[in-house]
Amino acid sequence: MALNLRQRQTECITRMLNLNQPVNATGMANEEVYKILIYDKFCQNILSPLIHVKDLRKHGVTLYFLIDKDRKPVHDVPAVYFVQPSHSNIQRIIADTSNSLYDSFHLNFSSLIPRPLLEDLASGTLNSDSIHRISKVHDQYLEFVTLEDNLFSLAQKNTYVQLNDPKAGDREIEEIIEKIVGGLFCVLATLAVVPIIRCPRGGPAEMVASALDQRLRDHLLSKNNLFTEGGNFASSFQRPILCIFDRNFELSVGIQHDFRYRPLVHDILGLKLNRLNVQGEKGGMKSYELDSSDPFWVANGSLEFPEVAVEIETQLNKYKRDVDEVNRRTGGNDGAEFDGTDMIGNTKHLMSAVNSLPELTARKQVIDKHTNIATVLLSEIKERLLDSFAKKEYDMMVRGGIDRSELLGVLRGRGSKMDKLRFSIMYLISSETINQQEVEAVEAALRESEVDTSAFQYVKKIKALNVSLASANSASRSNIVDWAEKLYGQSISAVTAGVKNLLSNDRQLALTRTVEALVEGRPNPEIDSYLVFDPRAPKSSSGIGSSHLKGPFKEAIVFMIGGGNYVEYGSLQELAQRQQPVKHVIYGTTEILTGQEFVEQLAVLGQKMGLGGAPTPPPASTH
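Criteria and cut-off values
Residues numbered from 1 in each chain as written. Predicted model: local features only at pLDDT ≥ 70, side-chain atom pairs only at ≥ 80, totals over all residues. Heavy atoms only, no water. UniProt positions renumbered as here; feature names shortened; annotations may be inferred. Helix = DSSP H or I, 4+ residues; strand = E, 2+ residues; numbered from the N terminus. Buried < 20%, exposed > 50% of the residue type's maximum accessible area, 1.4 Å probe, protein only. Contact = heavy atoms within 4.5 Å. Areas by Shrake-Rupley, 256 points an atom, 1.4 Å probe, with all protein chains shown as cover. Core = buried A, V, L, I, M, F, W, Y, C linked by side-chain atoms within 4.5 Å. Axes fitted to C-alpha atoms, helices over the stretch in contact; angles between N-to-C directions. Parallel < 35°, antiparallel > 145°, perpendicular 65-115°, else oblique. Left-handed = near helix turned anticlockwise from the far one by under 90°. Nonpolar A, V, L, I, M, F, W, Y, C, P; charged D, E, K, R; others polar. Salt bridge = Lys/Arg side-chain N within 4 Å of Asp/Glu carboxyl O. Pairing = 2+ DSSP bridges. Phe/Tyr/Trp six-rings, centres within 6.5 Å; stacked < 30°, edge-to-face > 60°.

- The name given to the protein chain in an unreviewed UniProt entry is SEC1 family transport protein SLY1, and the organism recorded there is Malus domestica.
- UniProt, in its Sequence similarities (unreviewed entry) section for the protein chain, records the words "Belongs to the STXBP/unc-18/SEC1 family."

Right, here's the structure in full:
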């Protein structure tokens, strides 16, 4: 049974909606109870990609509200609460119980509720003489958003800025690491697996891996832990590998333009929580859902945009042929006299036509939806020359540079300010060496287009540090590192020049190549220095050497700290399909970012270091 995160999380939520009673094979409770659902904003985002309104009805939920809205009492009805364990939520629950808003309260917290908050809840409900209304309190370990079967986000905003902020103190960094570990622990608890953990040395990846290892060890000591079913010896050979990376491992993927359908829809149209709002053909906004229930999206998300356009055309023509076929079969004998002998055969045709109508209608809706999305994308692509940006960036990465006149031509040509900024940062990352005059010309061209260069300056600064690090002798190197670590927190690690780390000839990302090596478990100089943590092994033996740590693994969870994207997700899914036998890879990240959202975080860091204009507040991302 492959790990299916979406299915596991949905099962947990279904059980919660049925008052944590066991559900039968159809996913329903054995007895129907009508109830009210109360959630906070964060938990609403967890529910939204998984459960639709019709599903809530199916589970007996008749009303649902945000916890901070004023609500009227509804007597004789139980209420299911699904909220984060926070001080404000606890205070609100105490107020709701003391006002007897509902008959009974089933409290579900999205992660482990800390002891002090539990004590506040107990004393608050005791003082108001309403503790008898609380039926149950559950820790659900669901503090993550699953967007597809193999894709999740911790929905933790601006992590990249927080971890790389030169002013962040140890305490603040520890808090962020702790929050990431908490989210990953929820994912592993939902999957009920204790993985072997691998990560590069140093930086946030090692901090998260080490803290997660400790958290799992502590938890495994308790008798009724969440992983007991995975504890028997036979299953220990089938444990997955968890590979943890930090965004600086491969900065370029967060910035580059990509020309495949799924990344384009996300980057250009702002796909959020599997929903999309685009201009309809007849004016007005259309809202679409893009998830595993859409066969076209599943089948064609990883194709280049022109191939998607061809596929839409093909599907439309096939649909038209099928409609003509139904019309032909049910149209009788083309106006000849009707003598009744055809009656029986025609009735059969009519029955089959009636049965095929819902399927044809559903197909037409999917075709119309993607025609509309593709039309809107196409006008953006033409307006901003996005195909040209994608191609030139790719060429730069492969060649390790670009001709100066071509470079400046792009920056003075069409495209949004953000497109030009992203392109110029890709130029910086892909160049083996920094040509001072060329960089000054790029900066001048950006200023001409009135682009804020903070993000460009930030990457240039890190790039320069890496170059001086590479050429320095060991004594002065440690000085540079000390200085850089003070200045940049962890960010010194790997914004490396040199195409070797960036792309191999088959357009494979460094991340995918590294994950492939870790999953295979064969000796490989690129990963020989990677750390190994096995939370089930005695502490002393954690390290390289134990045979079951080596792989090959059937299943991998890949986690990117500081923001991930659909380019990496797609690349890892292709890797999984390419393997023989087919592997299973789940991809997760602290938050899913468009190229623009990530560059805006780089700009905030540039401004914090005094490298750009006046600081602007970090962007609000909705997942």
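More follows now that the structure is in view.
### Considerations on the overall build of the protein chain
- Helices and strands together make up the secondary structure of the protein chain, namely 22 helices and 14 strands.
- In the protein chain, which comprises 623 residues, the share counted as buried stands at 53%.
- Considering only intrachain contacts with a sequence separation of at least 6, the fraction spanning at least 24 residues in the protein chain is 79%.
- Counting only carbon and sulfur atoms, one obtains 54% of the accessible surface of the protein chain, whose full area is about 28,500 Å².

### As for the nonpolar core
- Formed by 74 residues in total, the largest nonpolar core has its most connected members in Ile-13, Phe-245, Tyr-261, Val-265, Ile-373, Leu-377 and Leu-511.
- Sequence-distant contacts of Leu-511, that is, excluding residues within four places in its chain, are made with Phe-245, Phe-249, Glu-250, Val-558, Met-560, Glu-568, Leu-572 and Tyr-587.
- Residues Val-161, Val-439, Ala-441 and Ala-603 belong to the second largest nonpolar core, which totals 39 residues.

### Looking at the packing of helix α4 (residues 87–98) against helix α5 (residues 115–127)
- The contact between α4 and α5 brings their axes to 9 Å, and the two run at 20°. In this view, α4 runs roughly parallel relative to α5, as classed from their interaxial angle. Considering how the two elements wind past one another, α4 and α5 form a crossing that is right-handed. Touching His-87, Ile-90, Ile-93, Ile-94 and Thr-97 of α4 are Leu-117, Asp-120, Leu-121, Gly-124 and Thr-125, all from α5.
- Across the contact of α4 with α5, the residue classes break down as five nonpolar, four polar and one charged.

### A look at the pattern of salt bridges
- For the structure on display, the rule yields 29 salt bridges.
- Residue Arg-115 pairs with Glu-119 through a salt bridge whose shortest N-O separation is 3.2 Å. Of the two residues, Arg-115 and Glu-119 are both situated in helix α5; the distance of four residues between them amounts to about one turn of the helix.
- The class of Arg-115 is exposed, set by a relative accessible area of 60%.
- By relative accessible area, Glu-119 is classed as partly exposed at 43%.
- Between Arg-328 and Glu-325 there is a salt bridge whose closest N-O contact spans 3.0 Å. Of the two residues, Arg-328 and Glu-325 both sit in helix α11 (residues 305–330), three residues apart, roughly one turn of that helix.
- Given the relative accessible area of 56%, Arg-328 is considered exposed.
- On the accessibility criterion, Glu-325 (32% relative accessible area) is partly exposed.
- Through salt bridges with shared partners, one network takes in Lys-318, Asp-322, Glu-359 and Arg-363.

### As for the pairing of strand β9 (residues 241–246)
- With six of six residues buried, β9 is to be regarded as a mostly interior element.
- Residues Ile-241, Cys-243 and Phe-245 line one face of β9 and the alternating positions Leu-242, Ile-244 and Asp-246 line the opposite face, and both faces are buried.
- Judged from the three bridges that link them, strand β8 (residues 196–199) and β9 form a sheet pairing that is parallel. If you follow Arg-198 over to β9, its bridge partner there is Cys-243.
- Pairing geometry for β9 and strand β13 (residues 555–561), over six bridges, is parallel. Looking at the pairing, Phe-245 lines up with Met-560 of β13.

### Considerations on the packing of aromatic side chains
- All told, the structure shown has 16 aromatic pairs when counted by the stated rule.
- Taken together, the ring pairs in this structure connect Tyr-81, Tyr-102 and Phe-105 into an aromatic cluster.

### Description of the pairing of strand β4 (residues 104–109)
- Judged by how many residues are buried, β4 sits mostly within the fold: six of six residues are covered.
- Where burial is concerned, the two faces of β4 agree: the one with Ser-104, His-106 and Asn-108 and the one with Phe-105, Leu-107 and Phe-109 are both buried.
- Pairing geometry for strand β3 (residues 78–83) and β4, over six bridges, is parallel. The residue bridging Phe-82 from the neighbouring strand is Asn-108, located in β4.

### What about unusual backbone geometry?
- Each neighbour pair has its own omega, and for Gln-580 with Pro-581 the value is -10°, a cis peptide bond.
- Following the sequence through the fold, Pro-581 ends up in the loop between α21 (566–578) and β14 (584–589).
- Even without being glycine, Ala-155 reaches a positive phi, approximately 55°.
- We classify Ala-155 as buried; its relative accessible area is 18%.

### Observations regarding the sheet that holds strand β7 (residues 151–153)
- The seven strands are arranged β6-β7-β14-β13-β9-β8-β12 in an open sheet whose pairing can be described as mixed. Only two strands of the sheet have a single partner each, and these edge strands are β6 (145–148) and β12 (531–533). The sheet shows a mean angle of 20° between the axes of neighbouring strands, direction not considered.
- The strands that helix α1 (residues 5–17) touches are β6, β7 and β14; relative to β6, the one it contacts most, it runs at about 130°.

### Section: the environment of Gly-270
- Within the secondary structure layout, Gly-270 lies in the loop between α9 (261–269) and β10 (275–279).
- For Gly-270, a relative accessible area of 29% gives the class partly exposed.
- Along the primary structure Gly-270 and Leu-593 are separated by 323 residues, whereas in three dimensions their C-alpha atoms are 9.3 Å apart.
- Beyond its immediate sequence surroundings of up to four residues, Gly-270 is in contact with Val-265, Arg-275 and Leu-276.

### With respect to the environment of Gly-413
- Relative to the elements of secondary structure, Gly-413 occurs in the loop between α14 (404–412) and α15 (417–430).
- When the C-alpha positions of Gly-413 and Arg-384 are compared, they lie 9.5 Å apart, and in sequence the two are 29 residues distant.

### Looking at the sheet that holds strand β5 (residues 134–139)
- Taken together, the five strands give an open sheet; going across it, the order is β2-β1-β3-β4-β5, and neighbouring strands pair in parallel fashion. Across the chains shown, the open sheet's two edge strands, defined by having one partner strand only, are β2 (61–66) and β5. The mean inter-strand angle of the sheet, taken between neighbouring strand axes irrespective of direction, is 15°.
- α1 contacts β1 (35–39), β2, β3 and β4 of the sheet and is inclined by roughly 145° relative to β3.

### Details of the packing of helix α20 (residues 510–520) against α21
- For the pair α20 and α21, interaxial distance at closest approach is 9 Å and the crossing angle is 35°. Note on packing geometry: the crossing formed by α20 with α21 is right-handed. Contacts between α20 and α21 involve Leu-511, Thr-512, Val-515 and Glu-516 on the former and, on the latter, Glu-568, Ser-571, Leu-572, Leu-575 and Arg-578.
- Residue composition of the contact of α20 with α21, grouped by class: four nonpolar, two polar and three charged.

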